Structures are given as structure tokens and as C-alpha cells.
Amino acid sequence: MTPERQKMTLKELAGALDGQRQEFLGYLEGLSDSDLQRKARIPLFKQFMGTDEIPIPMFVGAMLDHHWNDHAGQLGKIRKAVGLPEAG
């Protein structure tokens, strides 16, 4: 975490994260339908999708899902480390 982020209150951090989310969604909303139909070659996907040519929305969804699940796992480890029960 950067020194600036370490000094943020929870409200400031939530606002900064929401700003990043809005910027990202604004970028995606600015893409045309033809842009969204393009495919990207992602070799990792071939292992479980059978192809490495993935539509951009599928790639973005997979990356967001992986990212948030990773954060959830980190929070679970923090809860365990401080003696809190698992979140339900």
C-alpha cells in the first residue's frame, strides 16, 4: 500500500476505489458494440475454455471476478488472524 493510501480514512479509501471503478466503467461504456465483439488471445483461457480467443467482455468479467475473489480471500485471512469468525 502506498503511504498516501495508508493515511486515508475508510471513507476516503472507499471514495478513491469508487472513483477508479467509475473511471473503468466509463471506459467500457465508451467502447462500441464492434469493439466489444472483438476477441483477445489469452493463452491461459485455452486450459479451461478450449480456446484462447475470448470476447473482451468475458475477459473483463473473468478478471474482475478473480480480482474480487482474491480480495475476499485476503479479508478472510485477516479475519482469521485477528480471531474473528468466518464471514457468512
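See the structure shown above.
The end-to-end C-alpha separation of helix α5 (residues 56-81) is 38 Å, in line with the 38 Å expected for 26 residues at 1.5 Å each. Where α5 terminates, the next one or two residues include G83, which has phi positive at roughly 85 degrees.

A separate point is the layout of surface pockets. Taken as a whole, the largest pocket spans an internal volume of roughly 600 Å³. In terms of lining, the largest pocket is formed by 16 residues, of which the most central are L17, Q20, H67, W68 and H71. Listing elements by their share of the lining of the largest pocket, those giving two or more residues are α2 (10-29) and α5. With 7 residues, α2 is the single largest residue contributor to the lining of the largest pocket. The class makeup of the residues in the lining of the largest pocket is 8 nonpolar, 5 polar and 3 charged.

Another point: the environment of A16. By the element assignment, A16 lies in helix α2. Between the alpha carbons of A16 and L28 there is a distance of 19 Å; along the sequence they are 12 residues apart. Excluding residues that lie within four positions of it along the chain, A16 makes contacts with R5 and M8.

The next subject is a nonpolar patch on the surface. A cluster of nonpolar side chains, F24, L25, L64 and W68, forms an exposed patch at the surface whose accessible area comes to about 370 Å². Looking at the nonpolar patch, the elements with two or more residues in it are α2 and α5. Relative to the helices and strands, L64 is located in helix α5.

With respect to the element layout, Q47 can be found in helix α4 (residues 43-49). Given a relative accessible area of 67%, Q47 falls into the exposed group.

Turning to the side chain of D52, a few remarks are in order. Within the element layout of this structure, D52 appears in the loop between α4 and β2 (53-55). Classification of D52 by relative accessible area gives buried; the value is 15%. Of the polar contacts made by the side chain of D52, one reaches the side chain of R41; its length is 3.4 Å. Other than its neighbours up to four places away in sequence, D52 contacts A40, R41, I42, P43 and K46.

Rules and cut-offs
Residues numbered from 1 in each chain as written. Predicted model: local features only at pLDDT ≥ 70, side-chain atom pairs only at ≥ 80, totals over all residues. Heavy atoms only, no water. Helix = DSSP H or I, 4+ residues; strand = E, 2+ residues; numbered from the N terminus. Expected span 1.5 Å × (residues − 1). 1 Å grid on protein atoms, 1.4 Å probe; cavity = no way out; pocket = protein on both sides within 12 Å on 5 of 7 lines; lining within 4 Å. Points joined across faces, edges and corners; volume = space filled by probe spheres on them. Nonpolar A, V, L, I, M, F, W, Y, C, P; charged D, E, K, R; others polar. Contact = heavy atoms within 4.5 Å. Patch = residues over 30% accessible without salt bridge, like charges linked within 9 Å, V, L, I, M, F, W, Y side chains within 5 Å. Areas by Shrake-Rupley, 256 points an atom, 1.4 Å probe, with all protein chains shown as cover. Salt bridge = Lys/Arg side-chain N within 4 Å of Asp/Glu carboxyl O. Buried < 20%, exposed > 50% of the residue type's maximum accessible area, 1.4 Å probe, protein only. Polar contact = N/O pair within 3.5 Å; in protein donor to acceptor, adjacent residues only side chain to side chain.

Just geometry here; none of it tells us what the structure is for.
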